[in-house]
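What follows is the residue order along each chain.
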There are 2 protein chains.
Amino acid sequence: MEHSTPRGPVPEVALDRSSPVPLYFQVASRLQQLIESGVMPVGGRLENEVELADRLAVSRPTIRRAVQYLVERGVLVRKRGAGTQIVHPKVRRPVELSSLYDDLTKSGQKPHTEIRTLHVGAPADHVAEALGLGEDAEVTWIERLRFADGEPLAIMHNAVPVDVLPLRREDLEERGLYELLRAAGYAPRMANQVVGARVATSAEARLLDDVRGAPLLTMTRTAWDAGGRAVEYGSHIYRASRYSLELTLST
Amino acid sequence: MEHSTPRGPVPEVALDRSSPVPLYFQVASRLQQLIESGVMPVGGRLENEVELADRLAVSRPTIRRAVQYLVERGVLVRKRGAGTQIVHPKVRRPVELSSLYDDLTKSGQKPHTEIRTLHVGAPADHVAEALGLGEDAEVTWIERLRFADGEPLAIMHNAVPVDVLPLRREDLEERGLYELLRAAGYAPRMANQVVGARVATSAEARLLDDVRGAPLLTMTRTAWDAGGRAVEYGSHIYRASRYSLELTLST
DNA sequence: GTCAACACTTTGTCCTGACATAGCTGCAAT
DNA sequence: ATTGCAGCTATGTCAGGACAAAGTGTTGAC
């Protein structure tokens, strides 16, 4: 008898064996699509792997790999002996490491950047240490003022090793730093951030068009690419009244 | 001829086939150990998978799975046609979702908690929405004051659904909330956090033994377990002069 | 000397087959 | 009625083989 959670049927799944897209990925994408469209209900159980492999005419390892992929992204949970279930859609993987520029663009605001300084040279000690650079290494050091919809939002100091990316003023005015890094093949994959708060000095207040003593959100970050190469150091200050950090963390 | 990066020899690796620990995991652990102890140099190349499988007398899928595991944790990088390399140790996996209590304990401080209120009832609207709860759901609502080395550090408001965990005063005084959740089998696996800053009101300043206008770090968070069940909502306030958030993010 | 074609190395994908083990369910013995 | 055992179901682990495709380096033609 069947009085447990409903078992999804996984309707018509078409696979293209001549496609360069791997089979396991085709299966995973199709499954995710079915889940997100609501055809397969949240909390419902998947068919077991053997049946699924049978019906889709692929081997069990291929099915397992597809399911594995979705488990890692938090879409499915497996329990040995019990089956595979669809997880509540609220729990999804953090999308990607984002920068302020990305965040603003995504939320529909129009960011605008003023480059206050940009020069190449040996990094300060704490920067060199954060990036793990040697004695003779050089970085591009920049100070930027970031506006959203015309209002000043953040003072940003950044360092990028010159052999990672030669930064140019005109690029930075039109694009975010992370976008430039990605385009150069040094997409940040991991970052360490320290977030704190303090009140504005009068110099900072003047730049940010705010008052002395206004609350500020501070963030310092070091980012690495997939190869473990340090690609960016940043020390940012945000007007707390106009910006807050949104983060998704996962184990 | 061999004038590329040195190829690690992977010295004497002993596997126990009678152990309940899976072979691929034994291999992965051993490799990680060799890497972290410095026997296999950072940046160095691994033997290719076929040779490795041969020498360790396991199949290639097993080796692949072990390497895969370390790739996911950021210890290795693979490139088709090129080989597998050891990544700089700075780039490692975020350990686990931690709470303030965990953080303090780990950094050698002695946390101490004062429970100011604890009652069960229907959640406020914004809390119910954050947790995705229905009309008739009940939560335990707590307000705590957290001290480190005798000094007040944070005001913490939390809500936990009663059917997840019945919270008791005496437990909370001695343990962190996350520790209790983990013990009950609802280990947080994913969380959404919003971090901001503002200045203290006089009431907050009094509680935190600080002055009005002192900078505060604010954090609101919703956490889910592996099954996608919302297990905790929190709204915390930290003294910025005594605490900052440290985060590791990854793609 | 430069550049394109080629061979070689190495990881990526996919298959078949087998056995182990955790979780569940129902039946039987107590 | 409760406990414990047996059997079923489903995922977990592992082997061995085959071919595809990307990256690297070498060779040869111009």
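A brief structural summary.

### Some details on the overall build of chain A
Right, on to step 1. A count of helices and strands for chain A gives 8 helices and 9 strands.
Right, on to step 2. The C-alpha radius of gyration of chain A comes to 24 Å, more than 25% above the 18 Å expected for a compact globule of 251 residues.
Right, on to step 3. Reported as C-alpha extents along the three principal axes, the dimensions of chain A are approximately 75 × 40 × 30 Å.
Right, on to step 4. The 251 residues of chain A split such that 46% are buried.
Right, on to step 5. Contacts in chain A between residues at least 24 apart in sequence constitute 59% of all its contacts with a sequence separation of at least 6.
Right, on to step 6. Here chain A displays about 12,700 Å² of accessible surface, and carbon together with sulfur accounts for 50% of that area.
Right, on to step 7. Considering chain A, the positive charge centre built from 32 side chains and the negative charge centre built from 33 side chains are found 7 Å apart.

### Things to note about the packing of helix H2 (residues 49-56) of chain B against helix H3 (residues 60-72) of chain B
Residue and element names in this part refer to chain B.
Right, on to step 1. For the pair H2 and H3, interaxial distance at closest approach is 9 Å and the crossing angle is 110°. It follows that H2 is roughly perpendicular to H3 by the angle criterion. Remark: the crossing between H2 and H3 carries right-handed chirality. In contact with Glu49, Val50, Leu52, Ala53 and Leu56 of H2, H3 contributes Arg60, Ile63 and Arg64.
Right, on to step 2. Partitioned by chemical class, the residues of the contact of H2 with H3 number 5 nonpolar, no polar and 3 charged.

### Points about the protein's contact with DNA strand C
Right, on to step 1. Around DNA strand C there are 24 residues in total, and Arg17, Leu23, Thr62 and Arg65 of chain A together with Arg64 of chain B lie nearest to it.
Right, on to step 2. The contact atoms of DNA strand C, taken as those within 4 Å of the protein, divide so that sugar and phosphate hold 73%.
Right, on to step 3. Within the backbone of Leu23 of chain A, a nitrogen or oxygen atom sits 2.4 Å from a phosphate oxygen of DNA strand C.
Right, on to step 4. Counting residues per element, the ones that place at least two in the surface near DNA strand C are helix H1 (23-36) and helix H3 (60-72) of chain A together with H3, strand S1 (76-79) and strand S2 (83-86) of chain B.
Right, on to step 5. Examining the composition of the surface near DNA strand C, we find that 4 residues originate from one element, H3 of chain A, more than from any other.

### Some remarks on the relation of the copies chain B and chain A
Right, on to step 1. For these two chains of identical sequence, chain B goes onto chain A by a turn of 180° and a shift of 0.1 Å along the axis, with RMSD 0.2 Å. Here the transformation between the copies is reduced to the relation of a two-fold axis.

### As for the packing of aromatic side chains
Right, on to step 1. Tallied over the entire structure, the rule returns 6 aromatic pairs over all chains.
Right, on to step 2. With 4.9 Å between their ring centres and 35° between their planes, Tyr238 of chain A and Tyr243 of chain A make a pair best called tilted.
Right, on to step 3. Between Phe25 of chain B and Tyr69 of chain B, the aromatic rings sit 5.6 Å apart at their centres with planes inclined by 65°, giving edge-to-face as the arrangement. Linking Phe25 of chain B in helix H1 (residues 23-36) with Tyr69 of chain B in helix H3, this pair joins segments that are 44 residues apart in sequence.

### Points about the protein's contact with DNA strand D
Right, on to step 1. Within the structure, DNA strand D sits among 24 residues, and Arg17, Leu23, Ser59, Thr62 and Arg65 of chain B are positioned closest to it.
Right, on to step 2. Backbone atoms, meaning sugar and phosphate, make up 71% of the atoms of DNA strand D lying within 4 Å of the protein.
Right, on to step 3. Between DNA strand D and Arg78 of chain A there is a distance of 3.3 Å, counted from a phosphate oxygen to a side-chain nitrogen or oxygen.
Right, on to step 4. Side-chain polar atom of Thr62 of chain B to a phosphate oxygen of DNA strand D: 2.4 Å apart, as the coordinates give it.
Right, on to step 5. Only H3, strand S1 (76-79) and strand S2 (83-86) of chain A together with H1 and H3 of chain B provide two or more residues apiece to the surface near DNA strand D.
Right, on to step 6. Considered class by class, the residues forming the surface near DNA strand D number 5 nonpolar, 7 polar and 12 charged.

### Regarding the pairing of S1 of chain A
Residue and element names in this part refer to chain A.
Right, on to step 1. Pairing geometry for S1 and S2, over 4 bridges, is antiparallel. Residue pairing in the sheet places Leu76 in a bridge with Ile86 of S2.
Right, on to step 2. Where S1 folds back onto S2 in an antiparallel hairpin, the turn is made up of 3 residues, including Gly81, whose phi is positive at roughly 85°.

### Re the sheet that holds strand S6 (residues 188-199) of chain B
Right, on to step 1. Spatially, S9(A)-S6(B)-S7(B)-S8(B)-S5(B)-S4(B)-S3(B) is the arrangement adopted by the 7 strands of the open sheet, whose pairing is antiparallel. Because the sheet does not close on itself, it has two edges, and the strands there are strand S9 (245-250) of chain A together with strand S3 (111-121) of chain B. Across the sheet, the axes of successive neighbouring strands diverge by a mean angle of 15°, strand direction being ignored.
Right, on to step 2. Across 10 bridges, S3 of chain B lies against strand S4 (residues 139-148) of chain B in antiparallel orientation.

### Some words on the interface of chain B and chain A
Right, on to step 1. In this complex, chain B contributes 45 residues to the contact, which on the side of chain A involves 45 residues.
Right, on to step 2. Buried area between chain B and chain A, summed over both chains or domains, comes out near 3,800 Å², and the portion from carbon and sulfur atoms is 59%.
Right, on to step 3. The interface formed by chain B and chain A contains 0 salt bridges.
Right, on to step 4. Our count for the contact surface shared by chain B and chain A stands at 4 residue pairs in polar contact (both at pLDDT 80 or more).
Right, on to step 5. Broken down by element, the side of chain B that touches chain A gets its largest block of residues, 12 residues, from S6 of chain B.
Right, on to step 6. Of the residues belonging to the side of chain B that touches chain A, the class tally is 24 nonpolar, 12 polar and 9 charged.

Here is what the cut-offs are and how they apply
Throughout, residues of each chain are indexed from 1 in the direction in which the sequence is written. As a convention, the first chain written is A and the first ligand written is 1, with the rest following in written order. In keeping with the model being predicted, local features are shown solely for residues with a pLDDT of at least 70 and side-chain atom pairs are shown and tallied solely at 80 or more, while totals for entire chains, interfaces and linings include all residues. Only heavy atoms go into the side-chain values, all of them from the structure, while hydrogens and water stay out. The helix and strand labels rest on DSSP assignments: H or I over at least four residues marks a helix, E over at least two residues marks a strand, and numbering proceeds from the N terminus. With the radius of gyration taken over C-alpha atoms, the globule rule is written as 2.2 Å times the number of residues to the power 0.38. Exposure classes here rest on a 1.4 Å probe applied to the protein chains alone. A residue is buried below 20% of its type maximum, exposed above 50%, and partly exposed in between. By definition, residues are in contact when any of their heavy atoms lie within 4.5 Å. Shrake-Rupley sampling with a 1.4 Å probe provides the accessible areas, and residues are treated as covered by the protein chains on show and by no other component. Lys and Arg are tallied as positive, Asp and Glu as negative. Neither His nor the chain termini are counted. A charged residue contributes its charge at one atom only: NZ of Lys, CZ of Arg, CG of Asp or CD of Glu. Axis angles are defined between N-to-C directions and span 0 to 180 degrees, where every axis is a line fitted to C-alpha atoms and, for a helix, only to the segment in contact. An angle below 35 degrees is treated as roughly parallel, one above 145 as roughly antiparallel, one from 65 to 115 as roughly perpendicular, and anything else as oblique. Crossings are sorted by hand: turned counterclockwise from the far helix by less than a right angle, the near helix makes the crossing left-handed, and turned clockwise it makes it right-handed. Note on residue categories: nonpolar means Ala, Val, Leu, Ile, Met, Phe, Trp, Tyr, Cys or Pro, charged means Asp, Glu, Lys or Arg, and polar means any other residue, Gly included. Proximity is defined per residue: any heavy atom of the residue falling within 4 Å of a molecule or strand makes that residue near it. Within 3.5 Å is the distance limit for a polar contact, defined as a pair of N or O atoms, with the added protein rule that one can donate a hydrogen and the other accept it, and that residues adjacent in sequence qualify only through two side-chain atoms. To line up the copies, we fit them by least squares on C-alpha atoms, keeping just the residues with pLDDT of at least 70 in both. Pairing of aromatic side chains here covers Phe, Tyr and the six-membered ring of Trp, requires ring centres within 6.5 Å, and sorts the geometry by plane angle: under 30 degrees stacked, over 60 edge-to-face, intermediate tilted. At least two bridges found by DSSP between two strands is the condition for calling them paired. We define buried area as the total accessible area lost by two parts upon association, computed with a 1.4 Å probe and summed across both. A pairing counts as a salt bridge when a side-chain nitrogen of Lys or Arg comes within 4 Å of a carboxyl oxygen of Asp or Glu.

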